[in-house]
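Read off the chains here:
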Amino acid sequence: MHWILGRRARFGLALFAAAAIGLPSQLDAQTTLGVKGGIGITDLSVENSEGISSRTSFTGGGFAQFMLGEQFFVQPEVLYAPKGAKYSDLSVEGTYELDYVEIPVLFGAQFGVGQGLTPRIFAGPAVSFEVGCSVSGEAEGVSASVDCGDFGLETKSVDFGVVFGAGLGIPVGDFDIIIDGRYDLGLTNIDDTDYEFESDSSAKNRAWQFMAGVGFPVGG
């Protein structure tokens, strides 16, 4: 599992670098590099949602923002983005833990409102590479955690989705405080289980993500 995580993480970083290098040379010289972190409130869109509730976990990573003139920008990111959901079944309480390296490429616009504050809106596609999948549960004081495959669940290793949200940039000395909230809508049916006695089910990731971070202007 560790070597798979390493390969997928390196692949994600390579895509991030390609997105940055591939930008047209006519882009404005103003560029911001930064890191961010916060919480993700996630659940699964399933056909039978009875007993399913949201899971809260840490999400975060790095980003690069390239200005397209004075107002518009493109912002590729590489994030560690746990997803999944909690479940309750009779006397069992547990969690579907799906961990991803997610690469959104966001396109947005920012608006100056005085004193350097810059509200912004953004949207764009995202691709997520699964780096972990497990199921944990507790019943009558006994807890256990197993890989999804050992639990009889198979999931797709790649999830495609769209991200949209809004944020605020606050200048503080030589760097910016970045705050944003977004909705991450998975478009892929991640359930890849081979059902023998019933029709295939559908499960799609959904997440609210709230993050704060710092950005360091390196051009302009």
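What counts and how
Residues numbered from 1 in each chain as written. Predicted model: local features only at pLDDT ≥ 70, side-chain atom pairs only at ≥ 80, totals over all residues. Heavy atoms only, no water. Phe/Tyr/Trp six-rings, centres within 6.5 Å; stacked < 30°, edge-to-face > 60°. Helix = DSSP H or I, 4+ residues; strand = E, 2+ residues; numbered from the N terminus. Buried < 20%, exposed > 50% of the residue type's maximum accessible area, 1.4 Å probe, protein only. Lys NZ or Arg CZ within 6 Å of the ring centre and 35° of its normal. Contact = heavy atoms within 4.5 Å. Core = buried A, V, L, I, M, F, W, Y, C linked by side-chain atoms within 4.5 Å. pLDDT = per-residue confidence, 0-100. Salt bridge = Lys/Arg side-chain N within 4 Å of Asp/Glu carboxyl O. Polar contact = N/O pair within 3.5 Å; in protein donor to acceptor, adjacent residues only side chain to side chain.

**Let's talk about the packing of aromatic side chains**
Right, so step 1: Counted by the stated rule, this structure contains five aromatic pairs.
Right, so step 2: Ring geometry for Tyr87 against Tyr96: centres 4.7 Å apart, planes inclined by 35°, an arrangement best described as tilted.
Right, so step 3: Judged by centre distance (6.0 Å) and plane angle (45°), the ring pair of Phe175 and Phe216 falls under tilted. Pair noted here: Phe175 is in strand β10 (residues 175–186) and Phe216 is in strand β11 (residues 203–217), with a separation of 41 residues, a long-range link.
Right, so step 4: Relative accessible area serves as the criterion here: at 41%, Phe216 is assigned to the partly exposed category.
Right, so step 5: Aromatic ring contacts, followed pair by pair, group Phe164, Tyr183, Trp208 and Phe210 into a single cluster.
Right, so step 6: Seen from the ring of Phe63, Lys36 lies directly overhead, with NZ or CZ sitting 4.9 Å from the centre.
Right, so step 7: Here the guanidinium or amino end of Arg120 rests over the ring plane of Phe73, the centre of that ring lying 5.9 Å away.

**Observations regarding the environment of Glu154**
Right, so step 1: Mapped onto the fold, Glu154 is located in the loop between β8 (142–147) and β9 (158–172).
Right, so step 2: The spatial distance from the C-alpha of Glu154 to the C-alpha of Asp192 is 4.9 Å, given a sequence separation of 38 residues.
Right, so step 3: In this structure Glu154 touches Gly149, Ile190, Asp191, Asp192 and Thr193, once residues within four positions along its chain are discounted.

**Concerning the nonpolar core**
Right, so step 1: Core analysis: the largest hydrophobic core is formed by 10 residues, namely Leu44, Ala85, Tyr87, Leu98, Tyr100, Cys133, Val135, Cys148, Ile190 and Ala203.
Right, so step 2: Counting only elements with at least two residues in this core, the list comes to β5 (83–89), β6 (92–110) and β7 (118–139).
Right, so step 3: When residues no more than four places from it in sequence are discounted, the contact partners of Ile190 are Leu44, Leu98, Tyr100, Glu154, Thr155, Lys156, Asp159, Ala203 and Asn205.

**Focus: the confidence of the model for the protein**
Right, so step 1: This prediction gives the protein a mean pLDDT of 85; 82% of its residues lie at or above 70.
Right, so step 2: Within the protein, strand β4 (residues 72–80) carries the highest mean pLDDT (97), whereas helix α1 (residues 2–21) carries the lowest (48).
Right, so step 3: The low-confidence segment residues 23–28, where pLDDT is below 50, has seven contacts with residues more than four positions distant or belonging to other chains.

**Section: the pattern of salt bridges**
Right, so step 1: Inspection of every chain in the model, using the stated rule, returns eight salt bridges.
Right, so step 2: Across the pair Arg206 and Asp43 runs a salt bridge whose closest N-O atoms are separated by 3.0 Å. A residue pair is termed long-range when its members are at least 10 positions apart, and Arg206 in strand β11 and Asp43 in strand β1 (residues 31–46) qualify at 163 residues.
Right, so step 3: With its nearest N and O atoms 3.1 Å apart, the salt bridge here joins Arg182 to Asp180. Accessibility assignment for this pair places Arg182 and Asp180 in one class, buried.
Right, so step 4: Each member of the salt-bridge network shares a partner with another, and the members are Lys36, Glu77, Asp180 and Arg182.

**Examining the environment of Tyr183**
Right, so step 1: Within the fold, Tyr183 resides in strand β10.
Right, so step 2: For Tyr183, a relative accessible area of 17% gives the class buried.
Right, so step 3: Remark: the alpha-carbon pair of Tyr183 and Arg206, spanning 23 residues in sequence, is separated by 7.7 Å.
Right, so step 4: Not counting the four nearest positions on each side in its chain, Tyr183 is found in contact with Val162, Val163, Phe164, Arg206, Ala207 and Trp208.

**Observations regarding the side chain of Lys83**
Right, so step 1: Of note, Lys83 is situated in strand β5.
Right, so step 2: Engagement of the side chain of Lys83 in a polar contact is seen with the side chain of Asp184, the distance being 3.2 Å.

**Notes on the environment of Thr155**
Right, so step 1: By the secondary structure assignment, Thr155 is in the loop between β8 and β9.
Right, so step 2: Measuring from C-alpha to C-alpha, the distance between Thr155 and Asp192 comes to 4.7 Å, with 37 residues separating the pair along the chain.
Right, so step 3: Setting aside residues no more than four positions away along its own chain, Thr155 makes contact with Leu98, Glu130, Cys133, Ile190 and Asp192.
Right, so step 4: One polar contact links Thr155 to Glu130, side chain to side chain, over a distance of 2.7 Å.

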